[in-house]
Amino acid sequence: MNEEKGICIFCYNNEQIDYVKLSIICSLLAKKNLNLPIALITDTNTESYIESNFNTDLIDNCFDYIISQNITHESNKRIHNDSPWYEFVAPFYNTNKQNVFNLSPFNQTLLIDSDYLIYTDNLNKIFDQGVNLATFDNAKSIRNDNPLLGEIYLNPNGIKMYWSTAIYFTKDKINSILFNLWNHVKENYDYYQMLYKFPSGLYRTDFAISIANHILNGRSQGNFCTNLPQKQMYYSSQNDNLIDVKNDSLLFVANDVKENWKDIAVKWSNLDVHVMNKWALLRNYDKFLEIYA
């Protein structure tokens, strides 16, 4: 029997990024501010890593469910940045994100990425709004800048992009169609890249759910997918650095995407934020534990 509502986080470790630690940070903040059960969706190798390297009480405090599968991951490497001056390549294993519809133990699910930090209770409001599906279709940087055009539309004359960073959905027939469409787009990604004219290469879950939603709306923008309560997603880019963690705020050095020799200090509080520089988050792992564990 499914629980009524809860959170799912995908977590597949690789040699460059410790997604378990990211998921712990994410979960500690979500527990504090949303007070919902959390399911960690992972693979058997990552589960073994958790069992060997982390305190059982900490893991039990963070995750009410650990849903583990024996998975052979598809190759999907992406370039990451840690500041404008350093880049590294790491696998992006989260190509089965659409399977959350079947894997979630909840009737109402909030799926969040492990680098999405929840500092408010805003997302709790979505569970009582009577909608089927909600995510973000617009974003702002922590500098209050708009994202680049390629993060707003799939191509300059194309459809609006929906962010897969945070997705609310209910377990009903119409959403089963949506998630099946998402899987169909993933399985035929080269065709949809040609059709929707977005950049080739890396598989992006943002693009896949955007296309699935577009098809479900009869190939129009439509209104099947609504906005999450915060209305827009705030993010710090991979060029930004997280300098310090306080009880109620984060301190960033935020980079200017157009003039990347320029930085400003940003104190962030009272809003949820997607921290894309994963190494910056991991450098502050112990601080998050000290404050929230």
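Before any of the text, the structure's been laid out above.
Residues numbered from 1 in each chain as written. Predicted model: local features only at pLDDT ≥ 70, side-chain atom pairs only at ≥ 80, totals over all residues. Heavy atoms only, no water.

Visitor: Describe helix 7 (residues 205-216), with residues and values.
Guide: In a regular helix each residue adds 1.5 Å, so 12 residues correspond to 16 Å; helix 7 covers 16 Å between its end C-alpha atoms and thus fits that length. Burial in helix 7 covers these residues: Thr-205, Asp-206, Phe-207, Ala-208, Ile-209, Ser-210, Ile-211, Ala-212, Asn-213, His-214 and Ile-215. (Helix = DSSP H or I, 4+ residues; strand = E, 2+ residues; numbered from the N terminus. Expected span 1.5 Å × (residues − 1). Buried < 20%, exposed > 50% of the residue type's maximum accessible area, 1.4 Å probe, protein only.)

Visitor: Describe the nonpolar core, naming the residues involved and giving the relevant values.
Guide: By size, the foremost hydrophobic cluster in this structure holds 98 residues, and its most contacted members are Ile-7, Ile-24, Ile-112, Leu-117, Ile-211, Leu-250 and Phe-288. Of the residues forming this core, the biggest block, 10 residues, is contributed by helix 1 (residues 19-34). Leave out the neighbours within four places in its chain, and Leu-250 touches Leu-117, Tyr-119, Leu-242, Asp-244, Val-245, Val-266, Lys-267, Trp-268, Val-273 and Phe-288. (Core = buried A, V, L, I, M, F, W, Y, C linked by side-chain atoms within 4.5 Å. Contact = heavy atoms within 4.5 Å.)

Visitor: So what's going on with the environment of Asn-35? Which residues, and what values?
Guide: On the secondary structure map, Asn-35 appears in the loop between helix 1 and strand 2 (38-43). Overall, Asn-35 belongs to the exposed group, its relative accessible area being 65%. Linking Asn-35 and Asn-107, residues 72 residues apart in sequence, is a C-alpha distance of 16 Å.

Visitor: Can you lay out unusual backbone geometry for me, pointing to particular residues and giving the numbers?
Guide: Although it is not a glycine, Ser-83 sits at a positive phi angle of roughly 85°. Its location among the elements puts Ser-83 in the loop between strand 4 (77-81) and strand 5 (87-91).

Visitor: If you had to explain the packing of helix 6 (residues 189-196) against helix 7 to someone new, which residues and values would you point to?
Guide: Where helix 6 meets helix 7, the closest approach of the two axes is 12 Å, and the angle between their N-to-C directions is 70°. Classified by the angle their axes make, helix 6 and helix 7 are roughly perpendicular. Where helix 6 crosses over helix 7, the handedness of that crossing is left-handed. Side by side, helix 6 and helix 7 meet where Tyr-189, Tyr-192 and Tyr-196 of the first sit next to Phe-207, Ile-211, His-214 and Ile-215 of the second. Here the contact of helix 6 with helix 7 is composed, by residue class, of 6 nonpolar, 1 polar and no charged. (Axes fitted to C-alpha atoms, helices over the stretch in contact; angles between N-to-C directions. Parallel < 35°, antiparallel > 145°, perpendicular 65-115°, else oblique. Left-handed = near helix turned anticlockwise from the far one by under 90°. Nonpolar A, V, L, I, M, F, W, Y, C, P; charged D, E, K, R; others polar.)

Visitor: Lay out the sheet that holds strand 12 (residues 233-236) with the relevant residues and their values.
Guide: Ordered in space as 7-16-12-9, the 4 strands form an open sheet in which the pairing is mixed. The open sheet has two edge strands with one neighbour each: strand 7 (116-117) and strand 9 (139-141). Bridging between strand 12 and strand 16 (residues 273-275) involves 2 bridges; their strand directions are parallel. By the bridge assignment for strand 16, Ser-236 is matched with Val-275. (Pairing = 2+ DSSP bridges.)

Visitor: Could you give me a rundown of the pairing of strand 4, with the residues and numbers involved?
Guide: Two strands pair when backbone bridges link them, and strand 4 and strand 5 are joined in this way by 5 bridges, in the antiparallel orientation. Counted as the bridge partner of Lys-77 is Pro-91 from strand 5.

Visitor: Go over the packing of aromatic side chains, please, and point to the residues and values.
Guide: Under the defined criterion, the tally for this structure stands at 19 aromatic pairs. Ring geometry for Tyr-234 against Trp-268: centres 5.4 Å apart, planes inclined by 55°, an arrangement best described as tilted. In this pair, Tyr-234 is assigned in strand 12 and Trp-268 in strand 15 (residues 263-268), connecting sequence segments 34 residues apart. Look at Tyr-234 and you get buried, because its relative accessible area is 15%. Joined through ring pairs, the aromatic side chains of Phe-101, Phe-169, Phe-179 and Trp-182 make up one cluster. The ring of Phe-92 has Arg-78 sitting right over it, with the charged end atom 5.1 Å from the ring centre. For Arg-204, the ring lying beneath its charged end belongs to Phe-207, and the centroid distance is 4.7 Å. (Phe/Tyr/Trp six-rings, centres within 6.5 Å; stacked < 30°, edge-to-face > 60°. Lys NZ or Arg CZ within 6 Å of the ring centre and 35° of its normal.)

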